[in-house]
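Single-letter residue listing:
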Amino acid sequence: MTENPFAPRQYGQLVKVTERVYLFRNIVNSSIIIGDNGVAVIDTQVNQMMARRLYNALRTVTDKPILYAINTHYHWDHTNGNTIFHRAGATVVAREMTKDFMVNRSPRQEAFLRSRGFTLGDPPFLPQQTFTHETELDLGNQPLHLVHLGKAETDDATAVRIPAEDCIVSGDTVMTGSFPIFGQPVMNEGLMANHDWMNTIKELRTYTPKSVLPGHGPLARDAEIDLLLRIESYFLTEVRKRVEQGMSLAELLAEMEANFPDWIQSIAEVWGTPRYAILRVYRGLIDDPEPGWQHLKPSAIPVADTQKLHQKTHALEKFEAYRETAEEVAEGNDFGLAIAILKTATEKFSNLPDAWTVYADLLTQASRSVSSVLEKGDFFAEAKKALNMALELDPDYAPAHLLRGYTHILSAYRNGDETKTGLASIYQALVNGLHGTQLAQAYFSIGLAHRTNGDETLAREAFAKAIAADARFMPAQLANMA
């Protein structure tokens, strides 16, 4: 039976590793270490709402004071909850380099992530206690050894050894369960066409831990670490070989992507993708002054055949005809052609807010055709531009406010994030006037926001209103059945 996509969700799962060590599994992991005198939280979650859920989960296993919140590296998804744990009394600890990167690399990182459709909120609370290479903390008969073992996904990577428990918290030096993200697209770090990351993993293994608590994915033991090393070795070898043969990037991508071995193709995609791995290694092998490799990446938005596009649009005159044609094509899953049809409509009817809004809506729907969170961002970035154009033409255009709020709340529901921003757009759309299916979509969005926030009574009331507005609106029917 297919899982209901709008059912109540569990945000985070607490996994017991030892009597005094827990892994909080989510789209990003956090770790909880318990000593005689208090607790340390390692990596503080992707947003403040998830940090509060982590705090509540922690309180189900111990009432001891939270002494430290440790950041293994500077990335937003591991630091965004710092404020919550600082307010709970924890001292925030990280490498001096991590604190520096949280300040000096944050503008580029933030701009990229916002372009991918993420809501980041205020900047993370900065570390209060820093160290250069390694340091020791004590939770009371529970020593923690924080050490930089080498470069990995980021240059500032910290591992946290817990000798009494035979565990290491690796941060994003180790990722399991899905294809790794080998470095943020706008930074020159990660799998940099050398063996630094592999050497860091090998250094980590010299401690022979029983369990490695990874930055993403389930607990890592030998099999999972062996697979990560195998993936890295494959891309380092195969990309270098083709660059040395003089292949252009387009040739290299086409040739490698057509010939991935089954074991690569069978790995699930959440953040990273094989294409991202190719681009990361390729960028490390060429002389390019641009930061990162985002500028080299072909868009994930599919491209239409020019001849087919002409055949579908040459006789169309009114915008409604473009919309209907695009809907028919999208029903056949040819999103590239459907998107191209509506993009053509925005050029022909550039002063029509509806053209830009319908284009943005199709882009949002088409984002479901790719698995990677970051690849979906190509669609979200283009949709955001289209919605901005619609609202520039008419600031009170209700369907554009509706779509902006709807997409925000869907993202919040998936990631356990705040819903206030999305709700504000929905309420603005309601004030400006909605009817029929659009009214149902608005009430459904409100219900999903309440469900995200854990208020099932208000969620059910909103879903009922959505069904009353349009009984055929399937998302509300599904949400109400859950």
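In the block above lies the structure referred to throughout.
Parameters and conventions
Residues numbered from 1 in each chain as written. Predicted model: local features only at pLDDT ≥ 70, side-chain atom pairs only at ≥ 80, totals over all residues. Heavy atoms only, no water. Helix = DSSP H or I, 4+ residues; strand = E, 2+ residues; numbered from the N terminus. Rg over C-alpha atoms; globule rule 2.2 N^0.38 Å. Buried < 20%, exposed > 50% of the residue type's maximum accessible area, 1.4 Å probe, protein only. Contact = heavy atoms within 4.5 Å. Areas by Shrake-Rupley, 256 points an atom, 1.4 Å probe, with all protein chains shown as cover. Axes fitted to C-alpha atoms, helices over the stretch in contact; angles between N-to-C directions. Parallel < 35°, antiparallel > 145°, perpendicular 65-115°, else oblique. Left-handed = near helix turned anticlockwise from the far one by under 90°. Nonpolar A, V, L, I, M, F, W, Y, C, P; charged D, E, K, R; others polar. Pairing = 2+ DSSP bridges.

Participant: Would you mind going over the overall build of the protein chain in detail, with residue names and values included?
Facilitator: The helix and strand tally for the protein chain stands at 20 helices and twelve strands. For a compact globule of 482 residues, the expected C-alpha radius of gyration is about 23 Å, and the protein chain comes in at 24 Å, within 12% of that figure. Dimensions along the principal axes, computed over C-alpha positions, put the protein chain at roughly 75 × 60 × 45 Å. In the protein chain, which comprises 482 residues, the proportion classed as buried is 56%. Expressed as a percentage of contacts within the protein chain between residues at least 6 apart in sequence, the contacts between residues at least 24 apart total 66%. Total accessible area on the protein chain stands at roughly 20,700 Å², and carbon and sulfur atoms take up 49% of it.

Participant: Before we move on, can you summarise the packing of helix α6 (residues 196-205) against helix α7 (residues 222-244) with the specific residues and values?
Facilitator: The relative placement of two packed helices is expressed as an angle between their axes plus a distance between the axes. Where α6 contacts α7, the two axes come as close as 10 Å, and the packing angle between them is 160 degrees. By the angle class used here, α6 and α7 are roughly antiparallel. Handedness of the crossing formed by α6 with α7: left-handed. Across the interface between the two elements, Trp197, Met198, Ile201 and Arg205 from α6 touch Asp222, Ile225, Asp226, Leu228, Leu229, Glu232, Ser233 and Leu236 from α7. Here the residues of the contact of α6 with α7 sort into seven nonpolar, one polar and four charged.

Participant: Which residues make up the environment of Lys308, and what are the values?
Facilitator: With respect to the helices and strands, Lys308 occurs in helix α11 (residues 306-313). Separated by 226 residues in sequence, Lys308 and Asn82 place their C-alpha atoms 52 Å apart.

Participant: Could you give an account of the pairing of strand β10 (residues 159-162), with specific residues and numbers?
Facilitator: Where strand β9 (residues 143-147) meets β10, three bridges bridge the pair, whose relative direction is antiparallel. Across the sheet, residue Leu146 finds its bridge partner in β10, namely Val160. With three bridges connecting them, β10 and strand β11 (residues 167-175) associate as antiparallel partners. For Val160, the partnering residue across the bridge sits in β11 and is Val169. Counted along the chain from β10 to the antiparallel partner β11, the turn is four residues long, and its residue Asp166 has a positive phi close to 60 degrees.

Participant: Got a sec to walk through the sheet that holds strand β4 (residues 39-42)? Specific residues and values, please.
Facilitator: With mixed pairing, seven strands are arranged side by side in an open sheet as β1-β2-β3-β4-β5-β6-β7. On the outer flanks of this sheet lie β1 (13-18) and β7 (129-131), each paired with one strand and no other. Between one strand and the next, the sheet's axes are offset by a mean angle of 20 degrees, whatever the strand orientation. Here β4 pairs with strand β5 (residues 66-70) via four bridges, running parallel. Across the sheet, the residue bridging to Ile42 is Ile70, located in β5. Against the sheet, helix α1 (residues 48-58) contacts β1, β2 (21-25), β3 (30-34), β4 and β5, and its axis sits at roughly 145 degrees relative to β2.

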